Protein chains: 2
Amino acid sequence: MKGRVASPTPQNPLEARLLQALRDAGLRLTVQRRAICRYLASTKSHPTAQQIYNALKDEFPSLSLATVYNTLDTLVRLGAIHALGNTGDGAIHYDADIEPHVNLACLQCHRVVDLPCEAVAELDRKVAAESGYRILGARLVYYGLCPECQRAAQQTPSVSVAAHH
Amino acid sequence: MKGRVASPTPQNPLEARLLQALRDAGLRLTVQRRAICRYLASTKSHPTAQQIYNALKDEFPSLSLATVYNTLDTLVRLGAIHALGNTGDGAIHYDADIEPHVNLACLQCHRVVDLPCEAVAELDRKVAAESGYRILGARLVYYGLCPECQRAAQQTPSVSVAAHH
DNA sequence: CTCCGAAGTTGGAATTATTCTAAAGTAGAA
DNA sequence: TTCTACTTTAGAATAATTCCAACTTCGGAG
């Protein structure tokens, strides 16, 4: 009766989807893969491999960065997560939310945020209609300067836009 | 009368736009920058810094890869070109075509085509308006099955969508 | 026309994200 | 339990990008 300890079964539907994708592909559900999926499903911060590693290494001291890279690569190949590409900080960010939506990446502070936008749905329809493709996913990333970084840039006018930094 | 040798003035309107962007920012139009702008305007291949360097080093033996990176960085910051982010080969690709368009990637045959679409322009506007970001680049990729591969898939229903490539 | 300071270029070193590799560990079927 | 293929791991290797300090070039002031 008290055996009901921290249930190993996933609550988060996003996490469940990732684990199912691995199962469907006939891959093993190791502790490491479970932990990485759980972390991916738990955050909206679009983490890099290094950030995932940092977040999990206390709980799993033996975890290797290579395993994080391997697992992320596997999930991307399965189409279960998206790689958002370089946001200016030289590292690839990952997003477990594969529903069509816009990602905004700031080239200055390197933060990535989601932008709900109903124009996306319309773009989806038009792309499908005009191309004849069967659309299975999308990755819509905009790069730019967030409002805060724009203000910061204006305060150092001599630096101009073409800074060497 | 015969002094009218190979005119140094740009013919390509795309090239002219890039050079004008540099002028407007009060930056110098050096030979290197002209050459890089000319090359960017001449191709639809979404080149990387290395590819640009390779294409120009015969004509300008003293050209440095660092200069290519500097110039690309400058043009991106000016909003004159777009950085397409990582496309899976670990290098950043650049696109002098900043007209709104999406890339369509087929998960089966791996071809990538451009699709001009006025719905993109609207998305651009809404994203800029709703986010307050200064947009400097975008990578809009749709994944799916091209019409040909859809037909082929119907004949071999077992082929999975999640390709290992 | 000449000189000066700022802007730009250069090559090589430094940095760092990602991939590779070989050895050791583990899940799960028989 | 045993076997085998799949995984993980640590560290070395790779390669794109940035940094740096010296040198060159441009354009304006005198």
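For the structure, check the block above.
Quantities reported herein were computed from a predicted structural model and do not represent experimental measurements.

Draft legend 1. Representation of the nonpolar core. V102, L123 and Y142 of chain A together with L123 of chain B are the most contacted members of the largest nonpolar core, which has 29 residues in total. Breaking this core down by element, the ones donating at least two residues are strand 3 (102-106), helix 5 (119-131) and strand 5 (134-145) of chain A together with strand 3 (101-106), helix 5 (118-131) and strand 5 (134-145) of chain B. Beyond its immediate chain neighbours, meaning those up to four positions away, L123 of chain B contacts V102, C117, A119, V120, L123 and Y142 of chain A. If you look at the next biggest cluster of nonpolar residues, it comprises 24 residues, including L19, I36, L78 and I81 of chain B.

Draft legend 2. Quick look at helix 3 (residues 49-56) of chain B. Residues and elements named next belong to chain B. Every buried residue of helix 3 is listed here: A49, I52, Y53 and L56. One face of helix 3 carries all of its buried residues, which in axial projection span an arc of 100°. Residues of helix 3 that are buried sit in contact with helix 2 (31-42), helix 4 (65-78) and strand 2 (92-95).

Draft legend 3. Region of the structure containing the protein's contact with DNA strand D. Around DNA strand D, the structure places 18 residues, and the nearest of them are T30, R33, S62 and T67 of chain A together with Y69 of chain B. Those atoms of DNA strand D that come within 4 Å of the protein belong to sugar or phosphate at a rate of 74%. One of the side-chain N or O atoms of T30 of chain A is found 2.6 Å from a phosphate oxygen in DNA strand D. Separating a phosphate oxygen of DNA strand D from a side-chain N or O atom of S62 of chain A is a distance of 2.7 Å. The element that contributes the greatest number of residues to the surface near DNA strand D is helix 4 (residues 65-77) of chain A, accounting for 3 residues. In terms of residue class, the surface near DNA strand D is built from 7 nonpolar, 8 polar and 3 charged.

Draft legend 4. Spotlight on the protein's contact with DNA strand C. Close to DNA strand C lie 17 residues; Y69 and I92 of chain A together with T30, R33 and T67 of chain B are nearest. The sugar-phosphate backbone supplies 75% of the atoms of DNA strand C found within 4 Å of the protein. Note that a phosphate oxygen of DNA strand C is positioned 2.7 Å from one of the side-chain N or O atoms of R33 of chain B. One nitrogen or oxygen atom from the side chain of T67 of chain B is found 2.8 Å from a phosphate oxygen belonging to DNA strand C. Those elements that provide at least two residues to the surface near DNA strand C are helix 4 of chain A together with helix 2 and helix 4 of chain B. Considering each element in turn, the surface near DNA strand C owes the most residues, 3 residues, to helix 4 of chain B.

Draft legend 5. Highlighting the interface of chain A and chain B. At the interface, 45 residues of chain A touch 51 residues of chain B. In total, about 4,200 Å² of surface goes out of reach between chain A and chain B, with carbon and sulfur atoms giving 64% of it. It is Y133, R139 and Y142 of chain A in chain A that bury the most area against chain B; as a group they hold 18% of the surface buried on that side. Taken together, the links from chain A to chain B amount to 2 salt bridges. Residues K126 of chain A and E118 of chain B are paired through a salt bridge, measuring 3.9 Å at the closest nitrogen-oxygen approach.

Definitions and limits used
- Residue numbering note: each chain is counted from 1, following its sequence as written.
- Chain A is the first chain written and ligand 1 is the first ligand written, with later ones labelled in order.
- Totals for whole chains, interfaces and linings use all residues, but because this is a predicted model, local features are given only for residues with pLDDT of at least 70 and pairs of side-chain atoms are given and counted only at 80 or more.
- For the side-chain quantities, the full set of heavy atoms in the structure was used; hydrogens and water were omitted.
- We define a nonpolar core as any set of buried Ala, Val, Leu, Ile, Met, Phe, Trp, Tyr and Cys residues linked to one another through side-chain atoms lying within 4.5 Å.
- Partly exposed residues are those whose accessible area sits between 20% and 50% of the maximum for their type, while under 20% is buried and over 50% is exposed, using a 1.4 Å probe and protein chains only.
- Helix and strand assignments follow DSSP, with helices taken as H or I runs no shorter than four residues and strands as E runs no shorter than two, numbered in order from the N terminus.
- Residues are treated as being in contact if the distance between any of their heavy atoms lies within 4.5 Å.
- Throughout, the arc means the angular range of directions from the helix axis out to the C-beta atoms.
- If a single non-hydrogen atom of a residue is within 4 Å of a molecule or strand, that residue counts as near it.
- Polar contacts, as used here, are pairs of N or O atoms within 3.5 Å; protein pairs need one atom able to donate a hydrogen and one able to accept it. Residues neighboring in sequence count only if both atoms are side-chain atoms.
- Under the scheme applied here, ten amino acids are nonpolar (Ala, Val, Leu, Ile, Met, Phe, Trp, Tyr, Cys and Pro), four are charged (Asp, Glu, Lys and Arg), and all others, including Gly, are polar.
- Buried surface area refers to the total accessible area, computed with a probe of radius 1.4 Å, that the two partners give up upon joining, counted for both partners together.
- Every case where a carboxyl oxygen of Asp or Glu lies within 4 Å of a side-chain nitrogen of Lys or Arg is listed as a salt bridge.

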